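Now for the letters of each chain:
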Amino acid sequence: MNESYSYLEELEDFLGGTFHQDIDSPEEALEEFIHEATKECLLSTIKDCQDFLNGTLTIEEKESFIENNAEIYFPAISLNPIQWFNKIVEEMKEAVKMK
């Protein structure tokens, strides 16, 4: 990877491009992303997600980042942003096994 690579920029693209206002549900949006993505793309996205979760931002900063980039109303899904984010990472990991 080159030095200008930023997992935060990649995550902004992933969250904004996958979980936008025109989706039917977050679950369907993730299914569509997984279906269309290559195994390499999924692995790269998982790595970016893990870098984000293990990064130096505070929990509040991480939750704010997720809320600002994903068009999801978290009270409706009964998860906070970090819980939801961890859940989608686990689902992507499971999907990689099937590709």
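Starting afresh in each chain, residues are numbered from 1 along the sequence in its written order. Restriction of local features to residues with pLDDT of at least 70 applies here, the model being predicted, together with a cutoff of 80 or more for giving and counting side-chain atom pairs; totals for whole chains, interfaces and linings are based on all residues. Side-chain numbers come from the whole structure's heavy atoms, not from hydrogens or water.

**Observations regarding the side chain of T18**
Put simply, DSSP H or I for four residues or longer makes a helix, DSSP E for two residues or longer makes a strand, and each gets a number counted from the N terminus. Inspection of the secondary structure assignment puts T18 in helix α1 (residues 7–18). Burial here depends on accessible area, computed with a 1.4 Å probe over protein chains only, as a share of the maximum for the residue type. Under 20% is buried, over 50% is exposed, and the range in between is partly exposed. A residue is classified by how much of its surface remains accessible, and T18, at 10% relative accessible area, is buried. A polar atom in the side chain of T18 sits 2.8 Å from the backbone oxygen of F14. Ignoring anything within four residues of it in the chain, the contact list for T18 reads D13, I23, A29, L30 and F33. Two N or O atoms count as a polar contact when they lie within 3.5 Å, although within protein this holds only if one can serve as hydrogen donor and the other as acceptor, and sequence-adjacent residues are included solely when both atoms are side-chain atoms. For this analysis, residues touch if any pair of their heavy atoms sits within 4.5 Å.

**Details of the pattern of salt bridges**
Salt bridges, as used here, are contacts in which a Lys or Arg side-chain nitrogen is within 4 Å of a carboxyl oxygen on Asp or Glu. In this structure the tally under the stated criterion is four salt bridges. Two residues, D51 and K47, come together in a salt bridge whose shortest N-O distance is 2.9 Å. Note that D51 and K47 are positioned in helix α3 (residues 39–53) at a spacing of four residues, about one turn of the helix. When the shortest N-O distance is used, the salt bridge between K93 and E90 registers 3.5 Å. Taken together, the positions of K93 and E90, both in helix α6 (residues 81–98) and three residues apart, correspond to about one turn of that helix. Note on K93: relative accessible area 28%, which makes it partly exposed.

**A look at α6**
Taking 1.5 Å per residue, 18 residues should reach 26 Å; α6 reaches 26 Å between its end C-alpha atoms and fits that length. When we look at burial in α6, the residues that qualify are P81, I82, W84, F85, I88, V89, M92, A95 and V96. All buried residues of α6 fall inside an arc of 160° around its axis, so they share one side. Away from its buried face, by an angle of more than 90 degrees, α6 presents the exposed residues K97 and M98. The inward-facing, buried residues of α6 contact α1, α2 (26–36), α3, α4 (59–69) and α5 (74–77). Among the residues of α6, the N-terminal cap falls to N80, whose side-chain oxygen and the backbone nitrogen of I82 are separated by 3.0 Å. One fewer than the residue count of a helix, multiplied by 1.5 Å, yields its expected span. Summarising the geometry, the arc corresponds to the directions from the helix axis toward the C-beta atoms.

**Some remarks on unusual backbone geometry**
Notably, S78 is not glycine yet its phi reads approximately 55°, a positive angle. Tracing the sequence through the fold places S78 in the loop between α5 and α6.

**Considerations on the nonpolar core**
Grouping buried Ala, Val, Leu, Ile, Met, Phe, Trp, Tyr and Cys residues that are joined through side-chain atoms within 4.5 Å yields what is termed a nonpolar core. Counting residues in each nonpolar core, the largest one holds 26 residues, and the members touching the most others are F14, L15, F19, L42, W84, F85 and M92. For this core, the secondary structure elements donating two or more residues are α1, α2, α3, α4 and α6. Sorting elements by how many residues they give to this core places α6 first, with eight residues. For L15, the residues in contact, after removing those within four places along its chain, are H20, F65, I66, N69, A70, W84 and F85.

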